[in-house]
Structure formats: C-alpha cells, structure tokens
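# Architecture at a glance
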Amino acid sequence: AQRVTQPEKLLSVFKGAPVELKCNYSYSGSPELFWYVQYSRQRLQLLLRHISRESIKGFTADLNKGETSFHLKKPFAQEEDSAMYYCALSQGAQKLVFGQGTRLTINP
Amino acid sequence: EAGVVQSPRYKIIEKKQPVAFWCNPISGHNTLYWYRQNLGQGPELLIRYENEEAVDDSQLPKDRFSAERLKGVDSTLKIQPAELGDSAVYLCASRSANTEAFFGQGTRLTVV
C-alpha cells in the first residue's frame, strides 16, 4: 500500500536560512507527488507538483525515485513561509494520500 | 469561482446525535473526496467518488458513517450516531483528470 512519511512534525528556522522539509514515500508504481500548504486560517492548497518541475514562492522539490523521496527546499526562508506543509502521493485512478504534515516556523 | 464550498463551517453536537456535512465541488470536477483530519495529523481519506459512484470507501466506518453524491455533483457525509472520537475537521476536495485536488474550508466538528 502507498504511504507518505514526513519525519519532522515541527521545523523551526531563522529568516534567511535554508529550509528543507523531508518527505519519503512507498509505492510500487510511478507516483505523482505533491506538496500542499495550509497557511493560518486558510484552506489547504497546492504548492507544487513534481511533474510541473517549477519553483513556487521560491520552493522546489525534486523527485528522487532511488531514495523514494520528494523533499521540499527553499534557499532563503521568509516569515510568510510559516505554515503547515503536507506531502501527498497520487497513484492512478485519482487516489490521493497525505503525510502527517510538518509545521514550519520561520523566526525573525 | 467560489471553489469548493462546505457547510457548516463549525458544528457542536452531543454524542449519540446525528450530524450531516454538505459539499459543493468545483463545477466539472468528476472526482470528489471526503477526508477527516484529526488535530496534528494529515488528512485521512474516508471516501472517494468518481461522478456518482463511490469507488473507494474502504476507510469509511460504515456502521455509523454514510455518504452520497446524487447526480454526481453535491455530496453529503453523515454520522449517526456521533461519538466523542469523531471530533475532527472534515474536508471535502474535488478534482478533474488534469488538475490537482482543490479543498474546501472544512467543517470543524466537536462532539461533547
């Protein structure tokens, strides 16, 4: 069965420091990976997906099939990046599975 | 477009009472999801619809939970009777074949 693991429940970094939120997955096929973000008092929304290979708000994520990872990175954290981040995996037929989430706090 | 609309936003009920949540997905989205999110955890799938058909309800506690998506558009999720452990945020999301999943604001249920 597919599974998404986010090993860090909490992550705190200083403004301007690099950020890396870890995500590992288990799935036997060819997965589609996403990062969703939830800012305070807002709904869950897509941050980026691996197939688009684009940078959103300075964040990037590379799918590493050998390590079954999809870590989210940003070189210089900003205070507005403070939020809950969820890694998610989608397999064929639209099933969508989420990790437990990481609460990112950017300290001034 | 309003996006995925859920109601109510908040609900407080006594245990053993029934409760229902409503979701209006984005127009044209065939796939509809109901998730439950407990405090400090990620969303957990309860049921997934493709149009009006429930294609994945393996995680739905069928002794007390039921759902329907008549005409393949709006959906309702019902709990009867509610238990204390059902307190959570219930999320609805919709998706088409070429898009990511879009989420509603959620319904925060408190069972007392």
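Notes on the structure follow. (Residues numbered from 1 in each chain as written. Chains lettered and ligands numbered in written order. Predicted model: local features only at pLDDT ≥ 70, side-chain atom pairs only at ≥ 80, totals over all residues. Heavy atoms only, no water.)

### Section: the interface of chain B and chain A
The criterion, for reference: By definition in these notes, contact holds between two residues if any of their heavy atoms fall within 4.5 Å. Once two parts are brought into contact, the accessible area they lose, counted with a 1.4 Å probe and summed over both, makes up the buried area. Just to be clear on terms, a salt bridge is a Lys or Arg side-chain nitrogen sitting within 4 Å of an Asp or Glu carboxyl oxygen. We call two N or O atoms a polar contact when they sit within 3.5 Å, provided that within protein one can donate a hydrogen and the other can accept it, with sequence-adjacent residues counted only if both atoms are side-chain atoms. The way it works is that DSSP assigns letters per residue, a run of H or I at least four long becomes a helix, a run of E at least two long becomes a strand, and they are numbered from the N terminus.
With 24 residues of chain B at the interface, the matching set in chain A holds 19 residues. Here chain B packs against chain A, burying approximately 1,700 Å² in sum over the two surfaces, 42% of which is carbon and sulfur. If you sort the residues of chain B by the area they bury against chain A, B:Arg95, B:Glu100 and B:Phe103 come out on top, with a joint share of 30%. Joining chain B to chain A, the criterion identifies three salt bridges. The residue B:Arg95 makes a salt bridge to A:Glu32 at a minimum N-O spacing of 3.9 Å. Where chain B touches chain A, the interface holds ten residue pairs in polar contact (both at pLDDT 80 or more). Looking at the side of chain B that touches chain A, the elements that each hand over two or more residues are β4 (31–37) and β5 (44–50) of chain B.

### Here's the deal with the layout of surface pockets
Formally: In this analysis, the protein atoms alone were mapped onto a 1 Å grid. Cavities are point sets where a 1.4 Å probe fits without being able to get out; pockets are open sets with protein on both sides within 12 Å along at least five of seven lines; lining residues have an atom within 4 Å of a point. Grid points are joined across faces, edges and corners, and a volume is the space filled by probe spheres set on the points. For this classification, the nonpolar set comprises Ala, Val, Leu, Ile, Met, Phe, Trp, Tyr, Cys and Pro, the charged set comprises Asp, Glu, Lys and Arg, and every other residue, Gly included, is treated as polar.
Of the volumes computed, that of the largest pocket is approximately 770 Å³. For the lining of the largest pocket, the elements supplying multiple residues, two or more each, are β9 (83–90) of chain A together with β9 (88–95) and β11 (107–111) of chain B. Residue classes in the lining of the largest pocket are distributed as ten nonpolar, 13 polar and six charged. Here the second largest pocket is characterised by a volume of approximately 420 Å³. Where the lining of the second largest pocket is concerned, the elements lending two or more residues are β1 (3–5) and β10 (96–98) of chain A together with β4 and β5 of chain B. Classifying every residue of the lining of the second largest pocket gives nine nonpolar, six polar and five charged.

### Structural notes on the packing of aromatic side chains
Counted only if it meets this: Classification of ring pairs uses Phe, Tyr and Trp, with its six-membered ring standing for Trp, and accepts pairs whose centres are within 6.5 Å; under 30 degrees between planes counts as stacked, over 60 as edge-to-face, and the remaining range as tilted. Only protein chains enter the area calculation, which uses a 1.4 Å probe; residues under 20% of their type maximum are buried, those over 50% are exposed, and those in between are partly exposed.
One pass over the structure, following the stated rule, counts nine aromatic pairs over all chains. Consider the rings of A:Phe98 and B:Tyr35, whose centres lie 5.4 Å apart with planes at 85 degrees: the pair is edge-to-face. Taken as a pair, A:Phe98 in strand β10 and B:Tyr35 in strand β4 lie in two separate chains rather than in one. Given the relative accessible area of 7%, A:Phe98 is considered buried. The class of B:Tyr35 is buried, set by a relative accessible area of 1%. Here the aromatic residues A:Phe34, A:Tyr36, A:Phe98, B:Tyr33, B:Tyr35 and B:Phe103 are joined through ring pairs into a cluster of three or more.

### Things to note about the environment of A:Leu104
All names here are of chain A. For Leu-104, the location among the structural elements is in strand β11 (residues 102–107). Classification of Leu-104 by relative accessible area gives buried; the value is 1%. On a C-alpha basis, the gap between Leu-104 and Thr-68 in space is 22 Å, while along the polypeptide they are 36 residues apart. Contacts of Leu-104, omitting those with residues within four sequence positions, involve Leu-11, Val-13, Val-19, Leu-21, Asp-81, Ser-82, Ala-83 and Tyr-85.

### Some details on the sheet that holds strand β8 (residues 75–79) of chain B
Residue and element names in this part refer to chain B. Quick note on the threshold: The criterion for strand pairing is that DSSP finds at least two bridges linking the strands in question. Under this scheme, a helix contributes an axis fitted over its contacting stretch, all axes are lines through C-alpha atoms, and angles between N-to-C directions fall in the 0 to 180 degree range.
On the basis of which strands lie adjacent, the open sheet formed by four strands has the order β1-β3-β8-β7 and antiparallel pairing. Either end of the sheet is taken by a strand with one partner, and the two such strands are β1 (5–7) and β7 (65–68). Averaged over all pairs of adjacent strands, the angle between strand axes in this sheet comes to 15 degrees, irrespective of strand direction. Summarising the sheet, β1 and strand β3 (residues 19–24) pair through three bridges and their orientation is antiparallel. Along β3, the bridge assignment pairs Val-5 with Asn-24.

### Points about the sheet that holds strand β8 (residues 72–74) of chain A
Residues and elements named next belong to chain A. Strand order in the open sheet formed by three strands is β3-β8-β7, with antiparallel pairing between adjacent strands. Looking at strand neighbours, the two that pair on one side only are β3 (19–21) and β7 (60–61), the edges of this open sheet. Bridge analysis of β3 against β8 gives three bridges, and the strand direction is antiparallel. In the sheet register, Glu-20 faces β8, and the bridge partner there is Lys-73.

### Remarks on the pattern of salt bridges
With the rule as written, the count across this model stands at eleven salt bridges over all chains. A:Arg49 is paired through a salt bridge with A:Glu32; the nearest N and O atoms lie 2.6 Å apart. Of this pair, A:Arg49 sits in strand β6 (residues 45–49) while A:Glu32 sits in strand β5 (residues 32–38), and the two are 17 residues apart along the sequence. Residue B:Asp57 is joined to B:Lys62 by a salt bridge in which the shortest nitrogen-to-oxygen separation is 3.8 Å. Here the residues in one salt-bridge network are A:Glu32, A:Arg49, B:Arg95 and B:Glu100, joined through shared partners.

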